[in-house]
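Remarks on the overall topology
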Amino acid sequence: MATQRISGSEAVILSLLEEGVDTIFGYPGGAIMPIYDALYDYDQQVTHYLTRHEQGAIHAAEGYAKVTGKAGVCFATSGPGATNLVTGLADAMIDSIPVVCITGQVSSPLLGTDAFQESDVVGITMPVTKWNYQVTSADEIPEAIAKAFHIANTGRPGPVLIDIAKDAQFGMFDFEYKKCTKLRSYLPEHPVDPFQVKAAADIINAAKKPLILFGHGVMIAHAEAELKELIGKTGIPAAWTLLGLSALPTDHPLNVGMLGMHGNYGPNIKTNEADVIISVGMRFDDRVTGKVAAYARQAKIVHLEIDPAEINKIIKADAPVLGNAKKSLRMLIDNVNTNSHEEWIKEFRACDKIEYDKVIEKDIYPTQSGLTMGEVVRIASEKTNHDAILVTDVGQQQMIASRYFKFSQPRSNVTSGGLGTMGYALPAAMGAKIGMPDRVVFAMAGDGGFQMTIQELGTIAQYNLDIKIIVLNNNFLGMVRQWQQLFFEKRYSFTEMKNPDFVGIAKAYGLASQKVTSRDQLETAVQEMLDHNGPYVLEVVVEKEDNVFPMVPAGASVSDIILEP
Amino acid sequence: MKQEYIITVFSEDHIGLLSRITIVFTRRKINIDSLTVSESAITGVFKFTIVIRETPDRVEKVVGQLEKIVDVLKVFANTNDEMIFQEIALYKVSTEFLFESDKVEKIVRNSGARILELTREYVVIEKTGHSDETQRLFDELNVFGVTQFIRSGRVAITRSNIERLSVFLKERDAMLEQVD
Ligand SMILES: Cc1ncc(C[n+]2csc(CCOP(=O)(O)OP(=O)(O)O)c2C)c(N)n1
Ligand SMILES: [Mg+2]
């Protein structure tokens, strides 16, 4: 590519174009004005979405990345703009989401002088980024951006941040772009070792009661087909983690449901009965394992994992397979025997029956007068033929939606798993809709979480983002209230809320909206929302003091999962 | 059981890396007993020598987390007996003690220390050794009164005749070829 003499700001935009970026979420301010000025000339090539808060911008970038598999890009100004990104960075870090953030910074001679809107962004974001870098001279920009994309997208993905001093944005230099494909200090993934695969296959081939646990890593590696093939060939039942949702269709005959604290009864109980556990792209989070000392002690553990630091971190692996899940699964498929485990699978189905009778039926087909979150989720899923994208917030509604929403395609579930960030759903749904404009996108939030980023209704209205927003209103910080009820003698300390008129708020933003308070209105209301061409806010008033079950109480073993209080 | 470990971090030369490295320890509430940074035998590759007291299991996990840092090339953890290591200490004592008797001079000579600078007011003594040795000299001199004392971080090298990193860099090149 021939060089051309341009400003650092223009170089930012051209570098992003070189990386194939066509979507940016952001919020301007003094220290990033030159970059926004350069952006003004490129509105044919990139669409910038002005959110209502920088946290909204980064969650939108995360949602975009989750559904497309491409890095989300986000702009913010120095000082408060950059610090508003921190929650999103921490969220993307713990959930391995590729996000590239560009922040403006005060001019380099002012660094360290407590200049207006100066904050040590590189210092502040160090623990919550996979990599970050401060640019103080225009000619560093192309290389920094190229490195940023390489690092964000490869290996175990994660957020990166480039902080660009204002004088570097103004500086003129000869622009030339070269993609970064290799850094000697960074090995994105280990080549898969055939001996490790063989050792894993031997354990799997000898197993009588094997269980596959799969997570986000399957989708990050685009290994959904390989996972399905392994399951099909070996006949092994498979359970997903919260972030593994949608990597396999919900109705796949060997999908035995969700692991963890509010997961399904079968996979939790059977974790402590399996003789072999094969975990694929998951990291044994404490919400999955419960009490580690009592977790799968009887089982041999096969762990397919891209990040060497995850192997043996929580659960010791008898047969680790280091590397990209797509490649290791492919090699594993070639080494395992065709098999079936009919009797073992029947045991899961027996558990399903118990769970259905004790919990699920009354959640999704309630007979009590008040509405349940479960029936709302069921209807939303049914009315979209189980083929929509689900974006959830955090709390009871997140767990209920994760349990009862059904998926047909991968990359259809967007939620804040590791960090549990309330306020995530609304902005993440914006990114998901922009990334997948042809799919139905639901944002489900509680009355608490919805109000944490409610201002993004402004963004949704401005760009007419056709998101179907369902506010499951129990007038409580429900999940905290549930814990107070179960473990703090019903002392409801600061969890009840006096909520605003959500429909009124939606209408004030110019959005279509309605409120449902009884069962006979529910189906029609969901249908009206789906038939409406454009964004819609549906408030559903649900039972105030419903609880999410089953539950692995904090500190208990997965086999001590309880079905009712 | 906790014991002393020497952690050697080889990295690219980047500003901010020291912070990223120390965060790995502070986040886990691991105290860094000593830290030394210098360029290695390979130009452009920096070496952090970090001493901590920890259990083998925690050390293994810390090494894993350190190696995840993008600009870190390779991390080694060794117990003391696996490495040759030294620290340097400087002591300042008042010159009058040197002339009052030959005791100070004897202590200096017997401990293998040396006098770096001698003025009318003070003597600066230098001693290289393990921390128990430099500490012993401190205790002996402090009978007279040490007015200033400083001990460096640890420097350490392996007992093998090659730089471990060169081997690593060759393997890394081969792996990077293999993954694309
Ligand atoms: C930013 C943030 N603050 C606090 C919490 C702790 N927290 C977890 S769930 C929850 C209650 C959520 O209430 P709501 O959004 O109404 O959802 P519900 O549980 O009622 O469905 C709280 C406060 C959190 N996860 N995130
Ligand atoms: Mg609520």
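Residues take numbers from 1 onward in each chain, read along the sequence in its written order. Throughout, the order in which chains and ligands are written sets their labels, letters from A for the former and numbers from 1 for the latter. Two thresholds apply to this predicted model, a pLDDT of at least 70 for residue-level local features and 80 or more for giving and counting side-chain atom pairs, whereas whole-chain, interface and lining totals are computed over all residues. In computing side-chain properties, one takes all heavy atoms of the structure into account and sets aside hydrogens as well as water.

**A closer look at unusual backbone geometry**
Residue and element names in this part refer to chain A. Note the cis peptide between Phe 549 and Pro 550, where omega equals 0°. Along the chain, Pro 550 falls in the segment after strand 20 (536–541). Despite not being glycine, Lys 490 has its phi angle at roughly 60°, a positive value. Burial classes: relative accessible area under 20% of the type maximum marks a residue as buried, over 50% as exposed, and values in between as partly exposed (1.4 Å probe, protein chains only). Of the residues examined, Lys 490 reaches a relative accessible area of 48% and is grouped as partly exposed. Elements are defined by DSSP. Helices are runs of H or I of four residues or more, strands are runs of E of two residues or more, and each kind is numbered from the N terminus.

**Some points on the domain arrangement of chain B**
Reported domain spans reflect what an automatic or database domain assignment gives. Along its sequence, chain B is carved into domain 1 (3–82) and domain 2 (84–151). Computed from C-alpha coordinates alone, the two centres of domain 1 of chain B and domain 2 of chain B are separated by 31 Å.

**A closer look at the interface of chain A and chain B**
We call two residues in contact when some of their heavy atoms are within 4.5 Å. Contacts between the two partners involve 25 residues from chain A and, on the opposite side, 26 residues from chain B. Contact between chain A and chain B buries roughly 2,200 Å² in total, counting both sides, with carbon and sulfur atoms accounting for 56%. Buried area counts how much accessible surface, traced with a 1.4 Å probe, disappears from two parts once they are put together, with both parts' losses summed. For chain A, the biggest contributors to the area lost against chain B are A:Met126, A:Arg184 and A:Ser185; these three give 34% of the whole. Within this document, salt bridges are pairs made up of a side-chain nitrogen of Lys or Arg and a carboxyl oxygen of Asp or Glu, the two lying within 4 Å of each other. Our count for the chain A to chain B interface comes out at four salt bridges. Residue B:Glu177 pairs with A:Lys182 through a salt bridge whose shortest N-O separation is 3.2 Å. Only strand 6 (131–135) and helix 7 (141–153) of chain A provide two or more residues apiece to the side of chain A that touches chain B. Here the residues of the side of chain A that touches chain B are counted per class, giving 10 nonpolar, five polar and 10 charged. For this classification, Asp, Glu, Lys and Arg are treated as charged, while Ala, Val, Leu, Ile, Met, Phe, Trp, Tyr, Cys and Pro are nonpolar and the rest, including Gly, are polar.

**A closer look at the sheet that holds strand 15 (residues 389–392) of chain A**
Residues and elements named next belong to chain A. An order of 16-15-17-18-20-19 is seen for the six strands of this open sheet, with the pairing classed as parallel. The sheet terminates laterally at strand 16 (413–414) and strand 19 (512–516), the two strands that pair on one side only. Those strands touched by helix 16 (residues 373–383) are strand 17 (441–446), strand 18 (467–473) and strand 20, and its axis lies near 165° from that of strand 18. Where helix 17 (residues 396–404) meets the sheet, it contacts strand 15, strand 17 and strand 18, and its direction lies at approximately 140° from that of strand 17. In this analysis, strands are considered paired if DSSP registers two or more bridges between them. Note on geometry: axes are lines fitted to C-alpha atoms, helical ones only across the stretch in contact, with angles between N-to-C directions running from 0 to 180 degrees.

**Some points on the sheet that holds strand 6 of chain A**
All names here are of chain A. If you trace the six strands from one edge of the open sheet to the other, you get 3-2-4-5-7-6, paired in parallel fashion. Where the open sheet ends on each side, the last strands, each with one partner, are strand 3 (47–50) and strand 6. The sheet shows a mean angle of 20° between the axes of neighbouring strands, direction not considered. As paired elements, strand 5 (residues 99–105) and strand 7 (residues 159–165) share seven bridges and run parallel to each other. Looking at the pairing, Val 100 lines up with Val 160 of strand 7.

**Some words on the side chain of A:Ser7**
Residue and element names in this part refer to chain A. In this fold, Ser 7 is placed in strand 1 (residues 4–7). Definition of a polar contact: a pair of N or O atoms within 3.5 Å, with one able to donate and the other able to accept a hydrogen when the atoms are protein atoms, and with sequence-neighbouring residues admitted only if both atoms are side-chain atoms. Only 3.1 Å separates the side chain of Ser 7 from the backbone nitrogen of Glu 10, close enough to count as a polar contact. For Ser 7, the contacting residues outside a window of four places in its chain are Gln 169, Phe 170, Gly 171, Met 172 and Phe 173.

**A look at the side chain of A:Ser416**
All names here are of chain A. On the secondary structure map, Ser 416 appears in the loop between strand 16 and helix 18 (425–435). Given a relative accessible area of 2%, Ser 416 falls into the buried group. Apart from the residues within four sequence positions on either side, Ser 416 is in contact with Asp 91, Asp 95, Val 394, Gln 398, Thr 421 and Tyr 424.

**Brief notes about the coordination of the magnesium ion (ligand 2)**
Residues and elements named next belong to chain A. With distances of 2.1 Å, the protein atoms coordinating the magnesium ion (ligand 2) are Asp 447 (OD), Asn 474 (OD1) and Phe 476 (O). With water excluded from the atoms, a metal site may look incomplete; its donors are any N, O or S atoms within 2.8 Å, or within 3.2 Å for Na, K and Ca. Donor residues binding the magnesium ion (ligand 2) come from one chain and are separated in sequence as D-x26-N-x1-F. Residue classification places Phe 476 among the buried residues on the basis of a relative accessible area of 3%.

**A word on the pattern of salt bridges**
Any two side chains of opposite charge can pair, so long as their charged atoms come close to each other. Taken as a whole and assessed by the stated rule, the structure comprises 38 salt bridges over all chains. Residue A:Arg156 is joined to A:Asp307 by a salt bridge in which the shortest nitrogen-to-oxygen separation is 2.9 Å. A residue pair is termed long-range when its members are at least 10 positions apart, and A:Arg156 in the loop between helix 7 and strand 7 and A:Asp307 in the loop between strand 13 (300–305) and strand 14 (319–322) qualify at 151 residues. Note that A:Glu310 is salt-bridged to A:Arg156, the shortest N-O span being 2.9 Å. Here the residue A:Glu310 occupies a position in the loop between strand 13 and strand 14, and A:Arg156 occupies one in the loop between helix 7 and strand 7, the gap between them amounting to 154 residues. Residue A:Arg156 is classed as partly exposed on the basis of its relative accessible area of 22%. The network of salt bridges with common partners includes A:Arg156, A:Asp307, A:Glu310, A:Lys313 and B:Lys68.

**Side note on the packing of aromatic side chains**
All names here are of chain A. What counts as a ring pair is set by centres within 6.5 Å for rings of Phe, Tyr and Trp (its six-membered ring), and what kind of pair is set by the plane angle: stacked under 30 degrees, edge-to-face over 60, tilted for all other angles. Inspection of every chain in the model, using the stated rule, returns 20 aromatic pairs over all chains. With centroids separated by 5.8 Å and ring planes inclined at 80°, the aromatic side chains of Tyr 36 and Phe 75 adopt a geometry described as edge-to-face. Separated by 39 residues along the polypeptide, Tyr 36 in helix 2 (residues 33–39) and Phe 75 in strand 4 (residues 72–76) bring together distant segments of the chain. For Tyr 36, a relative accessible area of 15% gives the class buried. The class of Phe 75 is buried, set by a relative accessible area of 0%. Between Phe 405 and Phe 442 the ring centres are 5.9 Å apart and the planes differ by 80°, which places this aromatic pair in the edge-to-face class. Separated by 37 residues along the polypeptide, Phe 405 in the loop between helix 17 and strand 16 and Phe 442 in strand 17 bring together distant segments of the chain. Taken individually, Phe 405 and Phe 442 each receive the classification buried, so the pair is uniform in this respect. Linked through ring pairs, Phe 214, Trp 240, Phe 405, Phe 407 and Phe 442 together constitute an aromatic cluster.

**Details of the site of ligand 1**
Residues and elements named next belong to chain A. Of all residues adjacent to ligand 1, which total 18 residues, the nearest are Gln 396, Gly 420, Gly 448, Gly 449 and Gly 478. Within the backbone of Gly 448, one N or O atom sits 2.9 Å away from an oxygen atom of ligand 1. Take Gly 478: an N or O atom from its main chain is 2.8 Å from an oxygen atom of ligand 1. For the shell around ligand 1, the secondary structure elements donating two or more residues are helix 17, helix 19 (447–450) and helix 21 (478–487). What makes a residue near a molecule or strand is one non-hydrogen atom of that residue sitting within 4 Å of it.

**Considerations on the environment of A:Thr181**
Within the secondary structure, A:Thr181 is located in the loop between strand 8 (172–175) and helix 9 (194–205). Between the C-alpha atoms of A:Thr181 and A:Phe149, which are 32 residues apart in sequence, the distance is 9.5 Å.

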